[in-house]
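Listed below are the residues making up each chain.
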Amino acid sequence: MLAIEYLLLAGLVVCAIAANFTRNLLSSVIIYAAFGTIMSVIWLLLKAPDLAVTEASVGVGIEAILFLLALRSFRRTDRTRDDK
């Protein structure tokens, strides 16, 4: 069980670093969602199911959707700016 916890913690560190250094914004949002998923599993291992459900629903679900909608909005404004 301890090896799984270390693997998940390493995954958190890798996701945190990768999300900051990724140039593609869509990839960064996907990595951020992976970070939230790993964090949700860690909350389950720490026997905090209420926090795990909250992290999964808010951290992965709602925030990722809002980031994707914002990213789509930015790409639309870039296209209109390029057309002029």
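Predicted model only: the values in this text are computed from it and were never measured.

Caption draft 1: Spatial organisation of helix α1 (residues 2-21). With 20 residues, α1 should reach 28 Å at 1.5 Å per residue; the first-to-last C-alpha distance of 29 Å fits that figure. Within the span of α1, buried status applies to L8, G11, L12, C15 and A19. The buried residues of α1 occupy an angular sector of 105° when the element is viewed end-on, so they sit on one face. Across from the buried face of α1, at angles greater than 90 degrees, the exposed residues are L2, A3, Y6, L7, V14, N20 and F21. In this structure, the buried side of α1 is in contact with α2 (25-45).

Caption draft 2: Geometry of α2. Between its first and last C-alpha atoms α2 spans 30 Å; for 21 residues at 1.5 Å apiece the expected length is 30 Å, and the two agree. Listing the buried residues of α2 in full gives S28, V29, A33, G36, I38, M39, S40 and I42. Put simply, N24 is the residue that caps the front of α2, since its side-chain oxygen is 3.2 Å from the backbone nitrogen of L26.

Caption draft 3: The arrangement of the packing of α1 against α2 in detail. The contact between α1 and α2 brings their axes to 9 Å, and the two run at 155°. By the angle between their directions, the pair α1 and α2 is classed as roughly antiparallel. In the packing of α1 onto α2, the handedness of the crossing is left-handed. On α2, the residues that touch I4, E5, L8, L9, G11, L12, C15, A16, A18 and A19 of α1 are S28, I31, A34, F35, I38, M39, V41, I42 and L45. Of the residues that constitute the contact of α1 with α2, the class distribution is 16 nonpolar, two polar and one charged.

Rules used throughout
- Throughout, residues of each chain are indexed from 1 in the direction in which the sequence is written.
- Reporting of local features is limited, given that this is a predicted model, to residues whose pLDDT is at least 70; pairs of side-chain atoms are given and counted only at 80 or more, and all residues count toward the totals for whole chains, interfaces and linings.
- Computation of side-chain values covers all heavy atoms of the structure but excludes hydrogens and water.
- Segments assigned H or I by DSSP are reported as helices when at least four residues long, segments assigned E as strands when at least two residues long, and all are numbered from the N terminus.
- Helix span, expected: 1.5 Å multiplied by one less than the number of residues in the helix.
- Buried means the residue's accessible area, taken with a 1.4 Å probe over protein chains only, is under 20% of the maximum for its type, while exposed means over 50%, and partly exposed covers the values in between.
- By arc we mean the arc of the directions from the helix axis to the C-beta atoms, nothing more.
- Two residues qualify as a contact provided that any one of their heavy atoms is within 4.5 Å of a heavy atom in the partner residue.
- Polar contacts, as counted here, are pairs of nitrogen or oxygen atoms within 3.5 Å of one another; within protein the pair requires one atom able to donate a hydrogen and one able to accept it, and residues that are adjacent in sequence qualify only if both atoms are side-chain atoms.
- A fitted line through C-alpha atoms represents every axis, and for helices the fit uses only the stretch in contact; the resulting angles, taken between N-to-C directions, go from 0 to 180 degrees.
- Angle categories are assigned with fixed cut-offs, so that under 35 degrees is roughly parallel, over 145 is roughly antiparallel, 65 to 115 is roughly perpendicular, and the rest are oblique.
- Crossing handedness: left-handed means the near helix sits turned counterclockwise from the far one by under a right angle, and right-handed means the same turn made clockwise.
- Under the grouping applied here, Gly and all other residues not named as nonpolar or charged are polar, the nonpolar ones being Ala, Val, Leu, Ile, Met, Phe, Trp, Tyr, Cys and Pro and the charged ones Asp, Glu, Lys and Arg.

The quantities given are spatial measurements derived from coordinates; they are silent on function.
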